[in-house]
Amino acid sequence: MEVRIEESWKAVLREEFDKEYFARIAAFLHQEKRDGKTIYPPGPLIFNAFQLTPFDRVKVVILGQDPYHGPGQAHGLSFSVQDGVALPPSLQNIYKEIAADTGCIPPSSGNLERWARQGVFLLNSVLTVRAGSPTSHSGIGWQTFTDAVIKTISDRKECVVFMLWGNYARSKKPLIDSNKHLILEAAHPSPLARGAFFGCRHFSKANNFLIASGQTPIAW
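I will try to describe carefully the structure that is included in this document. Everything quoted here is computed from the prediction, not taken from an experiment.

Considering the overall build of the chain
Looking only at helices and strands, the chain has 9 helices and 6 strands in total. The C-alpha atoms of the chain give 17 Å as radius of gyration, which agrees with the globular expectation for 220 residues (17 Å, within 12%). Burial statistics for the chain: of 220 residues in total, 51% are counted as buried. Contacts in the chain between residues at least 24 apart in sequence constitute 67% of all its contacts with a sequence separation of at least 6. A total of about 10,000 Å² of accessible surface is found on the chain, and carbon and sulfur atoms cover 50% of it.

Spelled out as structure tokens, the structure:
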């Protein structure tokens, strides 16, 4: 698998790409394609979060689980969908919380590239999925890679905000140095959480922390 990834990420993750588990991920994806399976996001977009948010610019990390498995949705950014695609329920709730928390009304599009370009690293723990089959690639090794990504950010950067929503994302907390970074935890924005996400105020808390640490806040 050709890894199309931004240069600063390539530098800090070089050792991961050379490891055996990463070769196994590539082999699995090639076999899926040979078997005629459709994989989301499309190949050039698998590392889209890395492309749009270089390592040097990461200020906030929002961790998702795995990509949307419907056609035209996933484009390599957690919780984000491509322009013209209906807002998924979790993203609808994220937008509601932003409006209540900051007073800003988010745009109608669910494309979060505007966040990514400001330093919001929208990382899914699993980077691919088979069409129509949620979590179908959760056992192929992606978590080993993305755990290394989270730990690299924690170890090599200062004053990053990590937003951990739901039990799965919160399980990654041990990878993060809470003495250097701000860890914000909340219920998942999914409707299945029955509104427990609302009132977390993560977006204003993140911006207050960024300002206090001399960084530019995010225009949510």
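Moving on from the model shown.
Describing the packing of aromatic side chains
In the structure shown here, the tally under the stated rule is 21 aromatic pairs. Between Trp115 and Phe203, the aromatic rings sit 6.4 Å apart at their centres with planes inclined by 50 degrees, giving tilted as the arrangement. Taken as a pair, Trp115 in helix α6 (residues 113–116) and Phe203 in helix α9 (residues 202–212) lie far apart in primary sequence, 88 residues in all. Comparing Trp115 with Phe203, the two get one shared label, buried. For the pair Trp165 and Phe197, a centre-to-centre distance of 5.1 Å together with 75 degrees between the ring planes defines the contact as edge-to-face. With Trp165 in strand β5 (residues 161–165) and Phe197 in the loop between β6 (182–186) and α9, the pair connects residues that are 32 residues apart, well separated along the chain. For the pair shown, Trp165 and Phe197 are each scored as buried. Each member of the aromatic cluster is reached from another via a ring pair, and the members are Trp9, Phe17, Tyr21, Phe22, Phe47, Phe50, Phe55, Phe121, Trp142 and Phe145.

Regarding the packing of helix α5 (residues 89–102) against α9
Running from N to C, α5 and α9 point in directions that differ by 60 degrees, and their axes come no closer than 8 Å. With respect to each other, α5 and α9 are oriented oblique. In this structure, α5 contributes Ile94, Glu97, Ile98, Asp101 and Thr102 to the contact, and α9 contributes His202, Phe203 and Ser204. Split into classes, the residues belonging to the contact of α5 with α9 amount to 3 nonpolar, 3 polar and 2 charged.

Description of the packing of helix α3 (residues 20–34) against helix α7 (residues 142–156)
Where α3 contacts α7, the two axes come as close as 9 Å, and the packing angle between them is 130 degrees. If you check the angle between α3 and α7, you find them oblique. Of the two possible hands of crossing, α3 and α7 adopt the one that is left-handed. Taking contact as the criterion, the partners of Tyr21, Phe22, Ile25 and Leu29 in α3 are, on α7, Trp142, Thr144 and Phe145. Its residues placed into classes, the contact of α3 with α7 shows 6 nonpolar, 1 polar and no charged.

Looking at the sheet that holds strand β2 (residues 60–64)
In a beta sheet, neighbouring strands are held together by backbone hydrogen bonds and run either parallel or antiparallel to one another. Judged by pairing direction, the sheet is parallel, and its 4 strands sit side by side in the order β3-β2-β5-β6 without closing on themselves. Across the chains shown, the open sheet's two edge strands, defined by having one partner strand only, are β3 (120–124) and β6. Each neighbouring strand pair of the sheet contributes to a mean axis angle of 20 degrees, computed without reference to strand direction. Alignment of β5 against β6, held across 5 bridges, turns out to be parallel. Each residue of the ladder has a partner; that of Trp165, found in β6, is Ala186.

Here is what the cut-offs are and how they apply
- Residues numbered from 1 in each chain as written.
- Predicted model: local features only at pLDDT ≥ 70, side-chain atom pairs only at ≥ 80, totals over all residues.
- Heavy atoms only, no water.
- Helix = DSSP H or I, 4+ residues; strand = E, 2+ residues; numbered from the N terminus.
- Rg over C-alpha atoms; globule rule 2.2 N^0.38 Å.
- Buried < 20%, exposed > 50% of the residue type's maximum accessible area, 1.4 Å probe, protein only.
- Contact = heavy atoms within 4.5 Å.
- Areas by Shrake-Rupley, 256 points an atom, 1.4 Å probe, with all protein chains shown as cover.
- Phe/Tyr/Trp six-rings, centres within 6.5 Å; stacked < 30°, edge-to-face > 60°.
- Axes fitted to C-alpha atoms, helices over the stretch in contact; angles between N-to-C directions.
- Parallel < 35°, antiparallel > 145°, perpendicular 65-115°, else oblique.
- Nonpolar A, V, L, I, M, F, W, Y, C, P; charged D, E, K, R; others polar.
- Left-handed = near helix turned anticlockwise from the far one by under 90°.
- Pairing = 2+ DSSP bridges.

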